[in-house]
Amino acid sequence: MSKYPKLIAYFLDFVKVNSRSDPNSTTIPSSDRETKFLNTLKEMLEKMGLSNVHTNDQSAYVFATLPANTGQQVPAVGFISHIDTADFNSENINPQIVENYDGKSVIPLDKAGKYTLDPKVFPSLKKYQGDTLITTDGSTLLGADDKAGVSEILAALTYLMAHPEIKHGDIKIGFGPDEEIGTGADHFDVRDFGADYAYTVDGGPLGDLNYETFNAADAKVEIQGTDVHPAEAKGVMVNAIQLGVDFHQALPEFDRPERTEGRQGFFHIYDFEGSVDHTQLAYIIRDHDRDRFEARKRLFKGIADRMNAEFGSERIKVTLKDQYYNMGEIIEKDPTVVEIAEQAMKNIGVKPHVFPVRGGTDGSKISFMGLPTPNLFAGGENMHGRFEYVSEQTMEKAVDVIIEMVKLYAEK
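Residues numbered from 1 in each chain as written. Predicted model: local features only at pLDDT ≥ 70, side-chain atom pairs only at ≥ 80, totals over all residues. Heavy atoms only, no water.

A count of helical and extended segments in the protein gives 10 helices and 17 strands. Against the 2.2 N^0.38 benchmark of 22 Å for 412 residues, the protein shows a C-alpha radius of gyration of 24 Å, consistent with a compact globule. Its C-alpha atoms put the protein at 85 × 55 × 40 Å along the principal axes. Each of the 412 residues in the protein was classed as buried or not, and the buried ones make up 53%. The contacts of the protein with a sequence gap of at least 6 include a subset with a gap of at least 24, amounting to 79%. (Helix = DSSP H or I, 4+ residues; strand = E, 2+ residues; numbered from the N terminus. Rg over C-alpha atoms; globule rule 2.2 N^0.38 Å. Buried < 20%, exposed > 50% of the residue type's maximum accessible area, 1.4 Å probe, protein only. Contact = heavy atoms within 4.5 Å.)

Look at the link from Ile-28 to Pro-29: it is a cis peptide, with omega at -10°. Mapped onto the fold, Pro-29 is located in the loop between α1 (6-15) and α2 (32-48). The backbone of Asn-52 sits at a positive phi, close to 50°, despite the residue not being glycine. Position of Asn-52 among the secondary structure elements: in strand β1 (residues 51-55). The backbone of Asn-382 sits at a positive phi, close to 55°, despite the residue not being glycine. Within the fold, Asn-382 resides in the loop between β16 (375-377) and β17 (389-391).

Tracing the chain through its elements places Arg-292 in helix α6 (residues 290-311). Taking the C-alpha atoms as reference points, Arg-292 and His-168, 124 residues apart in sequence, are found 42 Å from one another.

This paragraph deals with helix α3 (residues 144-162). Compared with the 27 Å implied by 1.5 Å per residue over 19 residues, the 26 Å span of α3 between its first and last C-alpha is a close match. Counting buried positions over the 19 residues of α3 gives 16, a clear majority of the element. (Expected span 1.5 Å × (residues − 1).)

Okay, the sheet that holds strand β4 (residues 96-98) next. Taken in spatial order, the 3 strands make up an open sheet running β4-β7-β17, and their pairing is antiparallel. The outermost strands of the open sheet, each flanked by one partner alone, are β4 and β17. When strand polarity is set aside, the average angle formed by the axes of neighbouring strands in this sheet is 25°. Two strands pair when backbone bridges link them, and β4 and strand β7 (residues 133-135) are joined in this way by 3 bridges, in the antiparallel orientation. Each bridged residue has a counterpart across the sheet, and for Ile-97 the counterpart in β7 is Ile-134. Running over the sheet, helix α10 (residues 392-410) touches β4, β7 and β17 and is turned about 60° from β17. (Pairing = 2+ DSSP bridges. Axes fitted to C-alpha atoms, helices over the stretch in contact; angles between N-to-C directions.)

Here we come to the packing of aromatic side chains. Evaluation of the coordinates by the stated rule reveals 21 aromatic pairs. Their ring planes at 70° and their centres at 5.5 Å tell us that Phe-63 and Phe-188 sit as a pair that is edge-to-face. A residue pair is termed long-range when its members are at least 10 positions apart, and Phe-63 in strand β2 (residues 62-66) and Phe-188 in the loop between β8 (171-176) and α4 (190-193) qualify at 125 residues. The exposure classification of Phe-63 matches that of Phe-188, with both residues buried. With 5.3 Å between their ring centres and 70° between their planes, Phe-188 and Phe-193 make a pair best called edge-to-face. (Phe/Tyr/Trp six-rings, centres within 6.5 Å; stacked < 30°, edge-to-face > 60°.)

It is worth spelling out the pairing of β8 at this point. With 6 of its 6 residues buried, β8 lies for the most part within the structure. Covered by surrounding structure in β8 are Ile-171, Ile-173 and Phe-175 together with Lys-172, Gly-174 and Gly-176, the residues of both alternating faces. Here β2 pairs with β8 via 5 bridges, running antiparallel. Its bridge partner being in β8, Thr-65 is matched across the sheet by Lys-172.

As a further point, take the side chain of Asp-189. By the secondary structure assignment, Asp-189 is in the loop between β8 and α4. Buried Asp-189, no salt bridge; nearest opposite-charge side chain is Arg-191, N-O distance 5.9 Å. A distance of 3.3 Å separates a polar atom in the side chain of Asp-189 from the backbone nitrogen of Arg-191. At 3.0 Å, the side chain of Asp-189 and the backbone nitrogen of Asp-192 are in polar contact. Those residues in contact with Asp-189 that lie beyond four places of it in its chain are Asn-56, Gln-58 and Phe-63. (Lys, Arg positive; Asp, Glu negative; His and termini not counted. Salt bridge = Lys/Arg side-chain N within 4 Å of Asp/Glu carboxyl O. Polar contact = N/O pair within 3.5 Å; in protein donor to acceptor, adjacent residues only side chain to side chain.)

Take the sheet that holds β8 next. Read across the sheet, 8 strands follow the order β1-β2-β8-β3-β9-β16-β10-β15 without closing on themselves; strand pairing throughout is mixed. Lying at the two open borders of the sheet, with one neighbouring strand each, are β1 and β15 (353-354). As judged from the 6 bridges shared by strand β3 (residues 77-82) and β8, these two strands associate in the parallel manner. Bridge pairing in β8 links Ile-80 to Gly-174. Against the sheet, α3 engages β2, β3, β8, β9 (197-203) and β16, with an angle of about 145° to β3. Sitting on the sheet, α10 touches β3, β8, β9 and β16, and the angle it makes with β16 is about 135°.

Let's shift gears to the packing of α3 against α10. Remark: α3 packs on α10, axes separated minimally by 9 Å, with the N-to-C direction vectors making an angle of 50°. The pairing of α3 with α10 is recorded here as oblique in orientation. The way α3 lies across α10 gives a crossing that is right-handed. Note on element contacts: α10 touches α3 through Met-395, Ala-398, Val-399, Ile-402, Ile-403 and Val-406, opposite Ala-148, Ser-151, Glu-152, Ile-153, Ala-155, Ala-156, Tyr-159 and Leu-160. By residue class, the composition of the contact of α3 with α10 is 12 nonpolar, 1 polar and 1 charged. (Parallel < 35°, antiparallel > 145°, perpendicular 65-115°, else oblique. Left-handed = near helix turned anticlockwise from the far one by under 90°. Nonpolar A, V, L, I, M, F, W, Y, C, P; charged D, E, K, R; others polar.)

Next up on the list: the pattern of salt bridges. What the rule picks out here adds up to 14 salt bridges. Close ionic contact of Arg-292 with Asp-287 constitutes a salt bridge, the shortest N to O distance being 3.2 Å. Using a relative accessible area of 43% as the deciding quantity, one classes Arg-292 as partly exposed. Several salt bridges share partner residues, and in doing so they unite Asp-255, Asp-287, Arg-292 and Arg-296 into one network.

Don't take any of this as a statement about function, it's just geometry.
Next up, the structure:
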């Protein structure tokens, strides 16, 4: 029997709640269903007996504190997870339990067998021999990103409150919205949260620890053409679609997500629509190195400048917006927050897997607000789609790590 009996019960309850964020909304949170779920968590934290449980007005995060139970001066450590799920069907989630998985069998998801988890397609399954897996039924995502993290934080709190012999400083909790649409941490209130160090519990497989992320920008390209009848087009027509193709082809051919890995950056086009008269392109620009990131933005803008110069007018308008930066710039100034996480994993027999994540987390923004916030594993695999799954045993290890870190901070 698990020493965290509420962990999986929390998770199975939470994933059945649709708390998907809305990328087209301008409200905070972006959807009413997120607000409803955050209020549910707020009530749970109040019933558990935590202190200072409240919703932060500027960010919509639910904050709470488990007060210190030691008279020593101990840093306050925070644990943060987001409650929204990604842009995939999140309605009527029906989690499936696969006990004592053998590490090699194909797992059918839907009754018709159209969708399966096959180790030949998803070799990560081979790591989970003997584990209990939680999967989807093939029609929805699962929501382990990041309801696994929410459940793990709550399970750790439950355990610590039941074991007062484990000494700790103030433990700060934050559950927030809209991470999946990139806006959740924009208004995070570091002062109200009150932690000295923090972690997002929002990573992937066992042992993952991320304190380097991409530098990220969103880029929009608007192209104004001149639409005339093709029969009379010579010297008159300016085809905005063709200019869009020309713009894209002027970017480095191999600097694309599908051609890059590790620390290699990219330009990723994710939308292209329009007509001869007017066309719009949308990109994300990514690089781990700040200088190369800035160079990518200059190259992007320079293509538009060159094409406009050829026309003698501004046919192409580029709008660049920085989204977040590599939190490694902040954390390398005081690596304590990473060192403690690594030591906690080693203490419980988990090998840390430290690598630069090819993306960002809420911790990317929060770190630049003055609160160093790397990212811990929560256990999810194949996140954001119907093939998502998580291991119960990995989730238990995530709780172990949280508790072990709390102990290490108390010993500082």
